[in-house]
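Chain by chain, the residues run as shown.
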Amino acid sequence: MSMDEQYIDQLKNEIEASRATAKLGEHLERLLKNADFIEVIQKDFCTNNALRCVALLKADSASEQVRKAAIEQLEGISHFQEYLRALMLLSTGARNTITEANNTLDELRGEA
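All residue numbers refer to position in the chain's written sequence, counted from 1. This being a predicted model, a pLDDT of at least 70 is required before a residue's local features are given, and a value of 80 or more before pairs of side-chain atoms are given or counted; all residues contribute to the totals for chains, interfaces and linings. The basis for the side-chain values is all heavy atoms of the structure; hydrogens and waters are excluded.

Visitor: Could you clarify how one ought to interpret the packing of aromatic side chains in this entry?
Guide: Both the distance between ring centres and the angle between the ring planes are used here to describe each pair of aromatic rings. The criterion for an aromatic pair is that two Phe, Tyr or Trp rings (for Trp, the six-membered ring) have centres within 6.5 Å, with stacked assigned to planes under 30 degrees apart, edge-to-face to planes over 60 apart and tilted to the rest. Enumeration over the complete set of coordinates arrives at one aromatic pair. Between Phe45 and Phe80 the ring centres are 6.4 Å apart and the planes differ by 75°, which places this aromatic pair in the edge-to-face class. Taken together, the residues Phe45 in helix α2 (residues 35-58) and Phe80 in helix α3 (residues 64-111) connect sequence positions 35 residues apart. Note on conventions: DSSP H or I runs of at least 4 residues are helices, E runs of at least 2 residues are strands, and numbering of each starts at the N terminus.

The following block contains the structure:
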């Protein structure tokens, strides 16, 4: 197998590996536009629930256990939002990898 053939195989493997991540990004983009997701997850869970937790942290009557649970919920919200951001970044990177690899393949095929 020549160096060009090996490189072409490597590019094809990169494209294949990146497709699943790019596909997840497409699903996420649709999900983020979904009215139910926006209402239930973004507005109620991520925003309103976070505000309730912050209020619990400031409430004089809240026990240590309630405050600890509020902090855990805030951490969960933060982890979830970070996951969505990371997935979007990974997906963007995967799409760029696919585009660049396809462009390189086209160049290599044009030289052949």
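Visitor: Hey, could you run me through the environment of Phe80 in this one?
Guide: When a residue's accessible area, from a 1.4 Å probe over protein chains only, is under 20% of the maximum for its type it is buried; when over 50% it is exposed; and in between it is partly exposed. What makes Phe80 partly exposed here is its relative accessible area of 27%. As for Phe80 and Cys46, which are separated by 34 residues in sequence, their C-alpha atoms are 8.9 Å apart. Beyond its immediate chain neighbours, meaning those up to four positions away, Phe80 contacts Phe37, Ile41, Phe45 and Cys46. We call two residues in contact whenever any of their non-hydrogen atoms come within 4.5 Å of each other.

Visitor: Explain the pattern of salt bridges here, please?
Guide: Side-chain pairs of opposite charge can arise whenever the charged atoms involved come near each other. Any carboxyl oxygen of Asp or Glu within 4 Å of a side-chain nitrogen of Lys or Arg constitutes a salt bridge here. As enumerated under the stated definition, the model contains six salt bridges in all. The residue Arg95 makes a salt bridge to Glu29 at a minimum N-O spacing of 2.9 Å. Of this pair, Arg95 sits in helix α3 while Glu29 sits in helix α1 (residues 3-33), and the two are 66 residues apart along the sequence.

Visitor: Where do I start with the side chain of Ser18 in this structure?
Guide: Relative to the assigned elements, Ser18 resides in helix α1. Counting of polar contacts relies on pairs of N or O atoms within 3.5 Å, with two restrictions inside protein: one atom must be capable of donating a hydrogen and the other of accepting it, and residues adjacent in sequence are counted only when both atoms are side-chain atoms. A distance of 2.9 Å separates a polar side-chain atom of Ser18 from the backbone oxygen of Glu14. The contacts of Ser18, once residues within four sequence positions are left out, are Ala94, Thr97 and Ile98.

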